[in-house]
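Listed here are the chains, written in short residue letters.
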Amino acid sequence: MAGRGLLLVISGFAGSGKGTICKELMQRYDNYAFSVSATTRDPRPGEQDGVDYFFIPKERFLEMIEAKELLEYAQYVSNYYGTPRKYVEEKLLEGKDVILEIECQGALQVKELFPEAVLFFVMPPNVQEIYNRLKGRGTETEEVILKRMKRGQEEAETIAKYDYLLINDDLNETVTRLHETVNSARNAAERNKDLVARIREEFVSFFKEHG
Ligand code: 5GP
């Protein structure tokens, strides 16, 4: 269906594999645009500025908040993260489905601003797996890993506010399921109010002509 794209939010526990899911989704299908966030945290080895994040100092981040350049933002384990507004608005107008890979506070802000957004929460099969994946990544200290686990426990409280859960047991299958769910959401009557309104008007016109 032509027109505006869908706004998609993908959240999940640290180590849930949500980043890999988004990358795979972008590679496989061309209807998606990935929103690169701004953050005040330091780059991890291999992360590129402008690709993984816009790595910016805290002063610049605060300026962006002030200038309303961010669609949403949140603090997560002592750093700021936010979604630059302009890219998202442009891509939605182009008809792209825009992916925001963001944490729960930001996700709920998006839901307030854009009730038609579709929210996904990615979960590994169990909690031990979250810890194993964070440990296996080898990029954070034990202290930071435990803070991220704690944050995970808090985030577990908001999962019920999401539209869909994605259990990430097998990457390929999870990506296929995600794509199919997006396509179903696109056809939901509540996301196609313009189309429904047009059909109703057409019926009215029809009966004007046919008595
Ligand atoms: P990480 O430091 O592991 O890259 O990200 C930490 C958390 O911040 C993840 O849950 C990630 O989804 C979230 N995050 C990344 N970008 C944004 C953003 O623009 N806004 C919000 N609210 N969270 C974000």
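Residues numbered from 1 in each chain as written. Predicted model: local features only at pLDDT ≥ 70, side-chain atom pairs only at ≥ 80, totals over all residues. Heavy atoms only, no water.

So, on to the overall build of the chain. When its secondary structure is counted, the chain shows eight helices and nine strands. Along the first, second and third principal axes, the C-alpha atoms of the chain reach 75 × 40 × 30 Å. A buried classification covers 44% of the 211 residues belonging to the chain. Across the chain, the mean location of the 29 positive side-chain charges is 1 Å away from that of the 36 negative side-chain charges. (Helix = DSSP H or I, 4+ residues; strand = E, 2+ residues; numbered from the N terminus. Buried < 20%, exposed > 50% of the residue type's maximum accessible area, 1.4 Å probe, protein only. Lys, Arg positive; Asp, Glu negative; His and termini not counted. Charge placed at Lys NZ, Arg CZ, Asp CG, Glu CD.)

The subject of this paragraph is the site of the ligand. Near the ligand lie 16 residues; those nearest to it are S37, R41, Y53, Y81 and E103. Take R44: an N or O atom from its side chain is 2.9 Å from an oxygen atom of the ligand. In the model, an oxygen atom of the ligand is placed 3.4 Å from a nitrogen or oxygen of the E101 main chain. Coverage of the ligand by the protein amounts to 95% of the 500 Å² it exposes when considered alone. Among the detected pockets, the ligand sits in the largest pocket. Mapped by element, the contributors of at least two residues to the shell around the ligand are β5 (70–76) and β6 (79–84). For the shell around the ligand, a count of residues per class yields five nonpolar, four polar and seven charged. (Near = heavy atom within 4 Å. Polar contact = N/O pair within 3.5 Å; in protein donor to acceptor, adjacent residues only side chain to side chain. Areas by Shrake-Rupley, 256 points an atom, 1.4 Å probe, with all protein chains shown as cover. 1 Å grid on protein atoms, 1.4 Å probe; cavity = no way out; pocket = protein on both sides within 12 Å on 5 of 7 lines; lining within 4 Å. Sits in = over half its atoms within 2 Å of the grid points. Nonpolar A, V, L, I, M, F, W, Y, C, P; charged D, E, K, R; others polar.)

With that out of the way, let us pick up the sheet that holds strand β9 (residues 164–167). With parallel pairing, five strands are arranged side by side in an open sheet as β2-β7-β1-β8-β9. In this open sheet, the two edge strands, each paired with only one partner strand, are β2 (32–34) and β9. Each strand of the sheet is rotated relative to its neighbour by a mean of 25°, with strand direction disregarded. Relative to strand β7 (residues 97–101), β2 is paired through three bridges, and the arrangement is parallel. Considered in β7, the bridge of Y32 is made with D97. Here helix α4 (residues 104–113) sits on the sheet in contact with β1 (7–12), β7 and β8 (118–123), set at roughly 155° to β1. Along the sheet face, helix α7 (residues 171–186) touches β1, β2, β7, β8 and β9 and points at about 165° away from the line of β9. (Pairing = 2+ DSSP bridges. Axes fitted to C-alpha atoms, helices over the stretch in contact; angles between N-to-C directions. Contact = heavy atoms within 4.5 Å.)

Counting buried positions along β6 gives six out of six residues, so the element sits mostly inside the fold. Note that strand β3 (residues 38–39) and β6 share two bridges and pair antiparallel. The residue of β6 that forms the bridge with A38 is G82. Judged from the six bridges that link them, β5 and β6 form a sheet pairing that is antiparallel.

Here we take up unusual backbone geometry. The backbone of V77 shows a phi angle near 45°, a positive value even though the residue is not glycine. Along the chain, V77 falls in the loop between β5 and β6.

Attention now goes to α7. When the terminal C-alpha atoms of α7 are compared, their 23 Å separation across 16 residues agrees well with the 22 Å that a helix rising 1.5 Å per residue should span. The set of residues buried in α7 consists of T174, V175, L178, H179, T181, V182, A185 and R186. Relative to the axis of α7, the buried residues are bounded by an arc of 160° and lie together on one face. On the buried face of α7, the contacting elements are β1, α1 (18–28), β2, β7, β8 and β9. Capping the start of α7, D170 holds a side-chain oxygen 3.2 Å from the backbone nitrogen of N172, two or three residues further along. (Expected span 1.5 Å × (residues − 1). Arc of directions from axis to C-beta.)

It is worth spelling out the pattern of salt bridges at this point. All told, the structure shown has 19 salt bridges when counted by the stated rule. Its salt-bridge partner being R151, residue E103 comes within 2.7 Å of it at the nearest N-O pair. Of this pair, E103 sits in the loop between β7 and α4 while R151 sits in helix α6 (residues 142–155), and the two are 48 residues apart along the sequence. For R151, a relative accessible area of 12% puts it in the buried group. The salt bridge partner of R148 is E140, with a shortest N-O separation of 3.6 Å. For the pair shown, R148 and E140 are each scored as buried. Through salt bridges with shared partners, a single network forms among R41, R44, E47, R137, E140 and R148. (Salt bridge = Lys/Arg side-chain N within 4 Å of Asp/Glu carboxyl O.)

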